[in-house]
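A structural walkthrough
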Amino acid sequence: MLETYRRMLQAAGPVGPQLRMSQLLFALAAAAQGAAFACFYPLLRALFASPLNPTTVLGWFGVMTLLALVNMGLLWRAHAFDFNGPTADVTHDLRLRLGVQLRRMPLEELYRRRSGDLTDVLAGNVDQVTTPMGMLSSLVICTLVVPVVAVLVTLFIDWRLAVVMAIIFPLGLPIYRWIRRITGMEFRESTEAHAQTAAEIVEYTQGLPVLRSVNQVGAQARRLQQMLAHLRAVQVRANLRGAWPALLMASVVEIGILMVLALGAWFVLGGALDAAALAALLVIAVRFSEPLAILANITAVYDYMESGLERIEALLAVPPLPVKSPQQEITRFDISFDNVTFGYGSEPPTLCQVSFRLPENSLTALVGPSGVGKTTVTRLISRYADPQSGVIQIGGVDVRTVEPTDLMRHIAVVFQDVYLFDDTIRNNIRMAKPDATDAEVEAAAQAANCHEFIARLPDGYDTQVGDIGGALSGGERQRVSIARAILKDAQIVLLDEPTAALDTESEVAVQRAIDRLVQNKTVIVIAHRLSTVVGADQILVFDDGRIVEQGHHSDLLAQGGKYAAMWSAQQRAKGWRLTQGRAFAPAD
Ligand code: ADP
């Protein structure tokens, strides 16, 4: 519990001191309450005394009232942690910290996690940790301080009874351990199942159009239903298994209290204790039993919180790719790979001993069959992950010595699949340069050939992408992403098959936009259609993670190797056309 408490304070971050302060106030409030109980005994004795002395009675009553007021005041102050916003601050701060972590986490790690899983940590687990924070403090302190005070007060009444009460505490300990083991396990399992379900739901909803198209909605829904059924089973089991120890704990406490009272009654009958003392004891015993009985429930909340904490901590613990010192800045934009070998995770290398040099402001095409490592080359330039061996340099500077945000400032990427955020078209373009004026955004859109179709949208540049949904064609979306890249005006441009999924007409428009984007830039383009890279300054032909040929289009054709074979295959395919809508046949 102490360990979780320490981690909770750590999670509280900057409001940790406030949380600690609130806990101190809770402890003082509990102590004031305990002191008020201490007054019961003298008060009852004064009431039972004959002759009755009203001043003494009123005096003790006054002291009790005062202590009760102090207790109330302290509780109000202590609860400010919950009511005045610090809990919201902790939640906000924790989410921001996780957000920063997502930004600096190696991309490789980010891709490895399912998006629903990450959503669950940021949305679900954070609340799971912060919501009970304030409440837990008061409960835990109450549970610990009140029984201790109750035992101390009983010491003044009869030490033998105090000893009996003090024994009940350790009696509960093994049961407490048992509860923790079970609930800890169950909550971990339940949080895990929750995360998996969240991930499954996100994937299911995202994939619905595809699932419908292949008529597999039912099959995938069955997977989701199985996941939901599993979650339900885990939760039911957790509730059931947690209920027994909680009941047992409550029973042990009840029996202990009954023992104290029976013993007290016996002492009274034997004349060793007066009736006033027994009455006081009755009140104290009830107060003593309450916190102990709820200990089991508090434990459950602790475990619930801990299972969330574990997942948050695991995410925060992913180290960013280290920036080697001395840190350097990029001032030139030629790119070089020296004997770079890279494999994803523990898989065999995707790139083996790859070396090349791309002069500043040149256009290089990466070609080759799919799966040979072309995209991996572009990813490594933007430091998706570090290679297992070899060095990647931009302008003579090792990319590992450059601050990631600084590195990304110099690189614009245009992917085959375009992601547009549910925001206005204007903001979708502007995100490449947040301080860009409207005029700059529109100039970029003009250059990327999107101005015309944007002007036709209901609200022009202020049209919400979500509102028009799929109304933008693939080519239009691609041009918006090129407008982004033009606005960013980075010196290095990476193009990953930006026209591969487009029809010929869209391709022409996108190609024109690309031509404007790449002027005076160091460009790498991954190209499927070789006709688009005929004019490249340099073509690197990849096969099986290695560069097998390298040179200008005409040189490579003359070599008569792999490139020449790919070229003639594509030329031949061009010559094929659909005959009478039935079969493919050579054009001539
Ligand atoms: P290309 O761009 O030439 O089609 P890639 O660079 O995308 O090739 O992929 C090269 C190889 O690396 C492929 O076998 C692919 O399956 C594998 N690969 C790509 N991305 C990952 C990843 N995130 N995790 C594991 N393997 C990957």
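Here is what the cut-offs are and how they apply
Residues numbered from 1 in each chain as written. Predicted model: local features only at pLDDT ≥ 70, side-chain atom pairs only at ≥ 80, totals over all residues. Heavy atoms only, no water. Pairing = 2+ DSSP bridges. Helix = DSSP H or I, 4+ residues; strand = E, 2+ residues; numbered from the N terminus. Contact = heavy atoms within 4.5 Å. Axes fitted to C-alpha atoms, helices over the stretch in contact; angles between N-to-C directions. pLDDT = per-residue confidence, 0-100. Salt bridge = Lys/Arg side-chain N within 4 Å of Asp/Glu carboxyl O. Buried < 20%, exposed > 50% of the residue type's maximum accessible area, 1.4 Å probe, protein only. Domains from an automatic or database assignment. Buried area = accessible area lost by both parts, 1.4 Å probe. Polar contact = N/O pair within 3.5 Å; in protein donor to acceptor, adjacent residues only side chain to side chain. Nonpolar A, V, L, I, M, F, W, Y, C, P; charged D, E, K, R; others polar. Near = heavy atom within 4 Å. Areas by Shrake-Rupley, 256 points an atom, 1.4 Å probe, with all protein chains shown as cover. Patch = residues over 30% accessible without salt bridge, like charges linked within 9 Å, V, L, I, M, F, W, Y side chains within 5 Å. Core = buried A, V, L, I, M, F, W, Y, C linked by side-chain atoms within 4.5 Å. Parallel < 35°, antiparallel > 145°, perpendicular 65-115°, else oblique.

The subject of this paragraph is the sheet that holds strand 4 (residues 389-394). Strand order in the open sheet formed by four strands is 2-1-4-5, with antiparallel pairing between adjacent strands. The sheet is open, and its two edges are formed by strand 2 (351-358) and strand 5 (397-398), each paired on a single side. With five bridges joining them, strand 1 (residues 335-342) and strand 4 adopt antiparallel strand pairing. By the bridge assignment, isoleucine 335 is partnered in strand 4 with isoleucine 394. Sitting on the sheet, helix 11 (residues 374-381) is in contact with strand 1, strand 2 and strand 4, with an inclination near 115° to strand 1.

A cis amide bond, omega 0°, links serine 50 with the succeeding residue proline 51. Tracing the backbone shows proline 51 in the loop between helix 3 (40-48) and helix 4 (54-83). Going from serine 325 to proline 326, the amide bond is cis rather than trans, its omega being 0°. Inspection of the secondary structure assignment puts proline 326 in the loop between helix 10 (275-316) and strand 1. Look at asparagine 339: it is not a glycine, yet its phi comes out positive at around 50°. The topology assignment puts asparagine 339 in strand 1.

A separate point is the confidence of the model for the protein. For the protein, the mean per-residue pLDDT works out to 84, and 95% of the residues sit at or above 70. Segment residues 578-588 is flagged for pLDDT under 50; beyond a separation of four residues in sequence, or across chains, it makes 14 contacts in the model.

This paragraph deals with the environment of leucine 258. Positionally, leucine 258 belongs in helix 9 (residues 217-269). Along the backbone, leucine 258 and alanine 285 are 27 residues apart, and their C-alpha atoms lie at a distance of 9.0 Å.

Inspection of the entire model under this criterion finds 24 salt bridges. A salt bridge links aspartate 334 to arginine 357, with the shortest nitrogen-to-oxygen separation between them at 2.9 Å. Of this pair, aspartate 334 sits in the loop between helix 10 and strand 1 while arginine 357 sits in strand 2, and the two are 23 residues apart along the sequence. The class of aspartate 334 is buried, set by a relative accessible area of 9%. The partner of lysine 521 in a salt bridge is aspartate 489, and the shortest N-O contact between them spans 3.1 Å.

For the protein, the assigned domains are domain 1 (2-190 + 246-312), domain 2 (328-410 + 491-504 + 515-588) and domain 3 (417-489). Computed over C-alpha atoms only, the centres of domain 1 and domain 2 are separated by 63 Å. Residue-level contacts link four residues of domain 1 with five residues of domain 2. Here domain 1 meets domain 2 over a buried area of about 370 Å², counting both sides, of which 57% is carbon and sulfur. Area buried by domain 1 at its contact with domain 2 is led by Leu107, Glu108 and Tyr111, which between them contribute 94% of it. Summed over the shared surface of domain 1 and domain 2, the number is zero salt bridges. At the junction of domain 1 and domain 2, the tally comes to three residue pairs in polar contact (both at pLDDT 80 or more). Of the residues assigned to the side of domain 1 that touches domain 2, the class counts are three nonpolar, no polar and one charged.

Around the ligand, the structure places Tyr344, Thr350, Pro369, Ser370, Gly371, Val372, Gly373, Lys374, Thr375, Thr376, Arg379 and Tyr384. One nitrogen or oxygen atom from the side chain of threonine 350 is found 3.5 Å from an oxygen atom belonging to the ligand. Considering the ligand on its own, with 560 Å² of exposed area, one finds that the protein chains cover 64% of that surface. Of the residues assigned to the shell around the ligand, the class counts are four nonpolar, six polar and two charged.

So, about a nonpolar patch on the surface. Together, Val148, Leu152, Leu155, Phe156, Trp159, Val163 and Ile167 give the surface a local cluster of nonpolar side chains, amounting to about 760 Å² of exposed area. Among the secondary structure elements, those contributing two or more residues to the nonpolar patch are helix 7 (115-157) and helix 8 (159-213). Mapped onto the elements, leucine 155 comes out in helix 7.

A general feature of soluble globular proteins is that nonpolar side chains tend to end up buried together. Grouped together as the largest cluster of nonpolar side chains are 49 residues, with contacts concentrated most on Val367, Ile429, Ile482, Leu495, Leu517 and Ile539. Top contributing element to this core by residue count: helix 17 (residues 474-488), with six residues. A domain split of this core shows at least three residues from each of domain 2 (328-410 + 491-504 + 515-588) and domain 3 (417-489). Discounting chain neighbours no more than four positions away, the residues touching isoleucine 429 are Val441, Ala445, Ile454, Val480, Ala483, Arg484 and Leu487. Core analysis: the second largest hydrophobic core is formed by 35 residues, Phe26, Ala30, Val151 and Val153 among them.

Next up on the list: the packing of helix 17 against helix 18 (residues 504-517). Between two packed helices, both the angle of their axes relative to each other and the distance between the axes serve to describe the pair. Running from amino to carboxyl end, helix 17 crosses helix 18 at an angle of 5°, the nearest separation of the two axes being 10 Å. In this view, helix 17 runs roughly parallel relative to helix 18, as classed from their interaxial angle. Every residue of helix 18 that contacts helix 17 at Gly475, Gln478, Arg479, Ile482, Ala485 and Ile486 is listed here: Ser506, Ala509, Val510, Ala513, Ile514 and Leu517. Partitioned by chemical class, the residues of the contact of helix 17 with helix 18 number eight nonpolar, three polar and one charged.

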